[in-house]
Amino acid sequence: MLTCSFCDKSADQTSALLTASGVNVYDTCIAVGVRTIETRDALEEARVTLEELVAENHKILLSQGRQPPK
Ligand SMILES: [Zn+2]
């Protein structure tokens, strides 16, 4: 029985199993890969550093009268 090379589930699921050159991947697993690429691209596009994210988070907390973590 065919299994997905990515998640190892067998081919009796409802998802479509794509096969090529001895590799099988479910459409749902491809969707996970696509989301990963989209997330990476969005992060690269945003060009926000961790320091900027932390500073922004502190500003929000202070504006709410809360103490940011050290
Ligand atoms: Zn899979």
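Look a little higher up for the structure.
Residues numbered from 1 in each chain as written. Predicted model: local features only at pLDDT ≥ 70, side-chain atom pairs only at ≥ 80, totals over all residues.

Enquirer: Tell me about the overall build of the chain, residues and numbers included.
Expert: Along the chain, the regular secondary structure elements total two helices and two strands. The linear arrangement of helices and strands in the chain, starting from the amino end, is β-β-α-α. Against the compact-globule benchmark of 11 Å for 70 residues, the chain has a radius of gyration of 21 Å, which places it well outside the compact range. The principal-axis extents of the C-alpha atoms in the chain amount to approximately 60 × 25 × 20 Å. Taking all 70 residues of the chain together, 3% fall into the buried category. Sequence-distant contacts in the chain: of pairs separated by 6 or more residues, those separated by 24 or more amount to 2%. (Helix = DSSP H or I, 4+ residues; strand = E, 2+ residues; numbered from the N terminus. Rg over C-alpha atoms; globule rule 2.2 N^0.38 Å. Buried ≥ 20, exposed ≤ 12 C-beta atoms within 10 Å, placed from the backbone. Contact = placed C-beta atoms within 7 Å.)

Enquirer: Describe the pairing of strand E1 (residues 17-20), naming the residues involved and giving the relevant values.
Expert: As judged from the four bridges shared by E1 and strand E2 (residues 23-26), these two strands associate in the antiparallel manner. Looking at E2, one finds that Leu-17 is bridged to Tyr-26. As consecutive antiparallel partners, E1 and E2 are separated by two residues, and within that stretch Ser-21 has a phi angle of approximately 50°, a positive value. (Pairing = 2+ DSSP bridges.)

Enquirer: If you had to explain the environment of Ser-15 to someone new, which residues and values would you point to?
Expert: As for its placement among the helices and strands, Ser-15 is situated in the segment before E1. Owing to 16 C-beta atoms within 10 Å, Ser-15 belongs among the partly exposed residues under this scheme. Put simply, Ser-15 and Cys-29 are 14 residues apart on the chain and 9.5 Å apart in space, counted from C-alpha to C-alpha. Every residue in contact with Ser-15, bar those within four places of it in the chain, is listed here: Tyr-26, Asp-27 and Thr-28.

Enquirer: Account for helix H2 (residues 50-63), with residues named and values stated.
Expert: Helix length check: H2 (14 residues) gives 20 Å between terminal C-alpha atoms against 20 Å at 1.5 Å per residue, within 8%. Burial runs low along H2: only zero of the 14 residues are buried. Note on H2: the residue one or two positions beyond its end, Gly-65, has a positive phi of about 75°. (Expected span 1.5 Å × (residues − 1).)

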